[in-house]
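Letter by letter, the chains look like this.
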Amino acid sequence: MKAIERILVPTDFSPTANDALLYALDLAQVVGAKVYIFHATRIPSASIATSAYPIGYYEALNMDELRQEAEKKMENLRHNFLYDPKVPFECITEVGPAVDLIGQMAQEKNIDLMVMGARHAEGAETWFGSITTSMVKNSNCSVLVVPQGVRFVRPQKLVFATTLDKLTPLAGLDVLRVFAKTFSAAVDVLHIHAYGKDYTPEQNKFRETLDQYL
């Protein structure tokens, strides 16, 4: 079981992202992890599309300006939230597509857990936000989504919702086991099954394997 040693917090400097950062900092202090705070500035595509200049001109012209603005916002974040650090941290800014760069950063830093914010709205896409939703679906590391306004508390009970799919990678549940062991938390496994429908042999096998794993 791998410990949580490196936590990545992507930020767009919004209040929602700030809440996720505070949550990650408190969590990192408990588990003894380093926090990487990452911001990716997107080049405005609309300006590129309407520009009379050749493709690439706008990017070259504004790259330094965009990077400087991002670094200024990161410095403000450092001043507001990291003035009295209780965990090791690193602030990183890049210019480019957020989803791609967040994924690259997770691989480069060998991230164990990604912490991202979610705002209150209806539906997964609007509730999580498009970038958070994309990372939940596609990230190679575990993603912890923190609702807006939520502060870290030591968890006492964890719920693992599963379809009992035989293809579910058990290695991806390492973070669940780390949380359970670190905080002495109970784990409930939740499966919603169609009434009157038998479990498949694969599902029964997965249930047994899951019992042993946990």
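Going by the structure above, here's the rest.
Residues numbered from 1 in each chain as written. Predicted model: local features only at pLDDT ≥ 70, side-chain atom pairs only at ≥ 80, totals over all residues. Heavy atoms only, no water.

Draft legend 1. Fine view of the environment of Ile-131. Residue position: Ile-131 is located in helix 6 (residues 130-138). Here the alpha-carbon distance between Ile-131 and Ile-102, two residues 29 residues apart in the chain, equals 9.5 Å. Setting aside residues up to four positions removed in sequence, Ile-131 forms contacts with Ala-98, Val-99, Ile-102 and Met-116. (Helix = DSSP H or I, 4+ residues; strand = E, 2+ residues; numbered from the N terminus. Contact = heavy atoms within 4.5 Å.)

Draft legend 2. Representation of the environment of Thr-163 in the model. As for its placement among the helices and strands, Thr-163 is situated in the loop between strand 6 (157-161) and helix 7 (174-182). For the pair Thr-163 and Phe-206, spaced 43 residues apart in sequence, the C-alpha to C-alpha distance is 9.9 Å. For Thr-163, the contacting residues outside a window of four places in its chain are His-191 and Gln-203.

Draft legend 3. Region of the structure containing the packing of aromatic side chains. Counted by the stated rule, this structure contains three aromatic pairs. Ring centres of Tyr-23 and Phe-152 lie 5.3 Å apart, and the angle between their planes is 85°; on these two criteria the pair is classed as edge-to-face. In this pair, Tyr-23 is assigned in helix 1 (residues 15-31) and Phe-152 in the loop between strand 5 (142-147) and strand 6, connecting sequence segments 129 residues apart. In this structure, Tyr-23 and Phe-152 share a single accessibility class: buried. Each residue in the set Tyr-23, Phe-152, Phe-179 and Phe-183 is aromatic and connected to the rest through ring pairs, giving one cluster. For the cation-ring pair, Arg-177 lies above Tyr-213, with the distance from its terminal atom to the ring centre recorded as 4.1 Å. Its end group placed over the ring of Tyr-199, Arg-207 keeps NZ or CZ at 4.4 Å from the ring centre. (Phe/Tyr/Trp six-rings, centres within 6.5 Å; stacked < 30°, edge-to-face > 60°. Buried < 20%, exposed > 50% of the residue type's maximum accessible area, 1.4 Å probe, protein only. Lys NZ or Arg CZ within 6 Å of the ring centre and 35° of its normal.)

Draft legend 4. Here's a closer look at unusual backbone geometry. Backbone geometry places Phe-13, a non-glycine residue, at a positive phi of 70°. Mapped onto the elements of the fold, Phe-13 is located in the loop between strand 1 (6-10) and helix 1. Phe-13 gets classed as buried once you look at its relative accessible area, which sits at 18%. With phi around 55°, Asn-110 is a residue other than glycine that occupies positive phi space. Relative to the helices and strands, Asn-110 resides in the loop between helix 4 (98-108) and strand 4 (113-118).

Draft legend 5. Fine view of the nonpolar core. Residues Ile-4, Ile-7, Ile-37, Leu-113, Val-115 and Phe-179 are the most contacted members of the largest nonpolar core, which totals 38 residues. If you list the elements that add at least two residues to this core, you get strand 1, helix 1, strand 2 (34-41), helix 3 (57-81), strand 4, strand 6, helix 7 and helix 8 (201-213). Looking at this core element by element, the count peaks at seven residues for helix 1. Ignoring any residue separated from it by four or fewer positions in sequence, one finds Ile-37 in contact with Val-9, Thr-11, Leu-21, Met-74, Leu-77, Leu-82, Phe-89, Glu-90, Cys-91 and Ile-92. Judged by nonpolar contacts, the second largest core, of 15 residues, contains Phe-38, Leu-101, Met-105 and Met-135. (Core = buried A, V, L, I, M, F, W, Y, C linked by side-chain atoms within 4.5 Å.)

Draft legend 6. Up close: helix 7. Of all the positions in helix 7, only Val-175, Leu-176, Val-178, Phe-179 and Ala-180 are classed as buried. On the buried face of helix 7, the contacting elements are helix 1, strand 4, strand 5, strand 6 and strand 7 (186-190). Following helix 7 by one or two positions, Ser-184 has its phi on the positive side, about 50°.

Draft legend 7. Spotlight on the sheet that holds strand 4. The strand order across the open sheet formed by five strands is 3-2-1-4-5, and the pairing between neighbours is parallel. The open sheet has two edge strands with one neighbour each: strand 3 (89-95) and strand 5. Within this sheet the neighbouring strands show an average axis-to-axis angle of 25°, counted without direction. Both strand 1 and strand 4 contribute to a ladder of two bridges, which runs parallel. Its bridge partner lying in strand 4, Ile-7 is registered against Leu-113. (Pairing = 2+ DSSP bridges. Axes fitted to C-alpha atoms, helices over the stretch in contact; angles between N-to-C directions.)

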